[in-house]
Amino acid sequence: MKLKMNDGFEIPMLGLGCFKSEDTAMAVETALSVGYRHIDTANFYENETYVGKGIRSSIRNSVVKREDVFVVSKIWPTSFQNPERAIEYSLKSLNIDYIDAYLLHWPGLDKDARYKAWECLLKYRDKGYFKSIGVSNFKKEHLEDLIEKFGIIPSLNEIEISPWLQKREDYAYCKEKGIVMSASVPFAKGNILSDEKLIEIGKKYGKDVGQVILRWNLQRGNCVIPKSSKPHRIKSNFNVFDFELSKEDIDIINSMENGNTYCSDSSVFDGAFWNIEDNLNF
Ligand SMILES: NC(=O)c1ccc[n+]([C@@H]2O[C@H](COP(=O)([O-])OP(=O)(O)OC[C@H]3O[C@@H](n4cnc5c(N)ncnc54)[C@H](OP(=O)(O)O)[C@@H]3O)[C@@H](O)[C@H]2O)c1
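Residues numbered from 1 in each chain as written. Predicted model: local features only at pLDDT ≥ 70, side-chain atom pairs only at ≥ 80, totals over all residues. Heavy atoms only, no water.

### A word on the packing of helix α2 (residues 48-60) against helix α3 (residues 83-94)
Convention followed: Each axis is a line fitted through C-alpha atoms, taken for helices only over the stretch in contact, and angles between the N-to-C directions span 0 to 180 degrees. Helix and strand definitions here come from DSSP, where helices need a minimum of 4 consecutive H or I residues and strands a minimum of 2 consecutive E residues; each element is numbered from the N-terminal end. In this analysis, two residues are considered to be in contact whenever any of their non-hydrogen atoms come within 4.5 Å of each other. Classification used: nonpolar for Ala, Val, Leu, Ile, Met, Phe, Trp, Tyr, Cys and Pro, charged for Asp, Glu, Lys and Arg, polar for all others including Gly.
At their nearest, the axes of α2 and α3 sit 7 Å apart, and the two run at 35° to each other. When α2 is examined against α3, the residues Glu-48, Thr-49, Val-51, Gly-52 and Arg-56 are found in contact with a partner set consisting of Tyr-89, Ser-90, Ser-93 and Leu-94. In terms of residue class, the contact of α2 with α3 is built from three nonpolar, four polar and two charged.

### A word on the pattern of salt bridges
For clarity, the cut-off: For this document, the term salt bridge refers to a Lys or Arg side-chain nitrogen within 4 Å of an Asp or Glu carboxyl oxygen. Throughout this description, buried means an accessible area under 20% of the type-specific maximum (1.4 Å probe, protein chains only), exposed means over 50%, and partly exposed covers the range between.
Evaluated as defined, the whole model comprises 16 salt bridges. Between Arg-85 and Glu-277 there is a salt bridge, and its shortest N-O distance comes to 3.0 Å. Placement of the pair is Arg-85 in helix α3 and Glu-277 in helix α11 (residues 276-279), with a sequence separation of 192 residues. A relative accessible area of 34% places Arg-85 in the partly exposed class. On the accessibility criterion, Glu-277 (39% relative accessible area) is partly exposed. It is possible to trace a salt-bridge network through shared partners that takes in Asp-40, Lys-74 and Glu-158.

### Some words on the side chain of Gln-211
Here Gln-211 shows up in helix α8 (residues 209-220). Ignoring any residue separated from it by four or fewer positions in sequence, one finds Gln-211 in contact with Ser-236, Asn-239, Val-240 and Phe-243.

### Some details on helix α10 (residues 247-254)
What counts is decided by this rule: The directions considered for the arc are those from the helix axis to the C-beta atoms.
Among the residues of α10, those classed as buried are Asp-249, Ile-250 and Ile-253. One side of α10 carries all its buried residues, which in axial view fall inside an arc of 105°. Structural note: α10 exposes Lys-247 and Glu-248 on the side pointing more than 90 degrees away from its buried face. Lining the buried residues of α10 we find α7 (196-205) and α8.

### Some remarks on the site of the ligand
To keep things clear, this is the line we draw: Summary of the distance rule: residues count as near a molecule or strand when at least one heavy atom falls within 4 Å of that molecule or strand. Pairs of N or O atoms are called polar contacts if they sit within 3.5 Å, as long as, within protein, a hydrogen donor faces a hydrogen acceptor (for residues adjacent in sequence, only side-chain-to-side-chain pairs). Here the open area of atoms and residues is found with the Shrake-Rupley method and a 1.4 Å probe, where only the protein chains shown may cover a residue. Of the grid points, spaced at 1 Å and generated over the protein atoms alone, those admitting a 1.4 Å probe that cannot get out make up cavities, while open sets with protein on both sides within 12 Å along at least five of seven lines make up pockets; any residue with an atom within 4 Å of a point is treated as lining. Pocket occupancy is defined atom-wise: a molecule lies in a cavity or pocket when more than half of its atoms are within 2 Å of its grid points.
Of all residues adjacent to the ligand, which total 29 residues, the nearest are Asp-40, Lys-189, Lys-227, Ser-228 and Lys-230. Here an oxygen atom of the ligand sits 2.6 Å away from a polar atom, N or O, in the side chain of Asp-40. The contact in question runs from a nitrogen atom of the ligand to an N or O atom on the side chain of Ser-136, over 2.8 Å. For the ligand, whose unbound accessible area comes to 900 Å², protein coverage reaches 88%. Cavity membership is defined here by more than half of the atoms lying within 2 Å of grid points; on that basis the ligand lies in the largest pocket. Here the residues of the shell around the ligand are counted per class, giving 11 nonpolar, 10 polar and eight charged.

### Focus on the packing of α7 against α8
For clarity, the cut-off: Small angles under 35 degrees read as roughly parallel and large ones over 145 as roughly antiparallel, with 65 to 115 read as roughly perpendicular and the rest as oblique.
Contact geometry for α7 and α8: axes closest at 8 Å, N-to-C directions at 85°. By the angle class used here, α7 and α8 are roughly perpendicular. Here Leu-198, Ile-199, Ile-201 and Gly-202 of α7 lie close against α8, whose contacting residues are Val-209, Val-212 and Ile-213. Residue composition of the contact of α7 with α8, grouped by class: six nonpolar, one polar and no charged.

### Some points on the environment of Val-71
For Val-71, the position within the fold is in strand β5 (residues 70-75). A sequence separation of 33 residues divides Val-71 from His-38, and the C-alpha atoms of the two residues are 5.8 Å apart. When neighbours within four sequence positions are excluded, Val-71 is seen to be in contact with Ile-39, Ile-55, Arg-66, Leu-94, Ile-96, Ile-99, Asp-100 and Ala-101.

### Considerations on the layout of surface pockets
The gaps left among the atoms become clear once a water-sized probe is rolled over them. Operational definition: Grid points are joined across faces, edges and corners, and a volume is the space filled by probe spheres set on the points.
When its volume is computed, the largest pocket comes out at roughly 920 Å³. Around the largest pocket, the lining comprises 43 residues; the ones closest to its centre are Phe-19, Val-185, Pro-186, Lys-189 and Lys-227. Looking at the lining of the largest pocket, the elements that each hand over two or more residues are α7, α8 and α9 (231-236). For the lining of the largest pocket, the element with the highest residue contribution is α7, accounting for three residues. Per-class residue counts for the lining of the largest pocket are 18 nonpolar, 13 polar and 12 charged. Taken as a whole, the second largest pocket spans an internal volume of roughly 250 Å³. If you trace the second largest pocket, you find 17 residues lining it, with Lys-139, Lys-167, Asp-170, Asp-265 and Ser-266 closest to the centre. Of all the elements in the fold, those that place two or more residues in the lining of the second largest pocket are α5 (140-150), β8 (156-160) and α6 (168-177).

### With respect to the pairing of strand β9 (residues 180-184)
Quick note on the threshold: At least two DSSP bridges between two strands are needed for those strands to be called paired. Here the term right-handed applies to a crossover when the path leading from its first strand over the helix to its second strand runs clockwise, the strands being oriented away from the viewer.
Most of β9 sits inside the fold, with five of its five residues counted as buried. Alternating positions in β9 separate into two faces, Val-180, Ser-182 and Ser-184 on one and Met-181 and Ala-183 on the other, with burial throughout. Note: β8 against β9, five bridges, orientation parallel. Following the sheet pairing, Leu-156 is matched in β9 by Val-180. One crossover worth recording links β8 to the parallel β9 by way of α6, and it is right-handed.

Encoded structure:
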């Protein structure tokens, strides 16, 4: 299943998250072999090299062609003043000719730096290094500001969404503007997987909680990027295309919002604790 973005490119709805992936190349190879066609990484995850290795080895083994895989990477706000270096790092580490979607990982607090980084993303897109560009952790207010400044609507907004945290205002705004949402942290870092209500819903369909949450996202028209480094879970998280949640069950999940979040608030978080220059070898 794919979604068409506002720039005309299509993005596969179910992707593999790679944050804190334990053996990233293996996880990527496993995911591609079971049918995933969307892989999510970032400078900040410090594993673009291994994501690239996994993709290249899957291409060599004829599991996929390059054009079948949608790769997302991101630049951290401490690189916004010098975006070329971080972008070049992504391109060199992934080593897969181009990146399908490149995102501003967080809005950061310095608007001028944010604009500078966005201009740089536009430049790299126009040169063909990126197919699409987008943002991550942007609230409605951040999106409105960026769109007003540049007159360009980002293609993608990757943002924390789970049944516990539904970001209704941002969701509605993205839908209105035709920005595809990609739900990060869909399992609340694993914490939501023992939720009794979701277990009960899953029983009706012979599915586990993870599969119910992924299906809920697909039926809402979101991309979703669960992380696992365990082959059996990578596989089971992909087994969500053979059932449909009823309207009644969707309504139950829609009513589970409790505000539990596992990410910082992007209106106050500047990301200064991590800098590519101190953490990655160029
Ligand atoms: N843009 C952003 O700022 C941002 C922020 C956070 C995350 N993300 C992206 O979103 C992805 C997902 O978020 P996340 O990794 O933080 O958390 P998550 O996907 O909500 O949860 C991952 C946790 O759930 C476990 N898990 C996965 N599938 C499972 C299953 N079927 N049964 C039981 N446990 C399962 C994983 O363990 P095992 O690995 O042991 O299976 C891991 O501990 C990230 O990897 C990253 O790509 C983006």
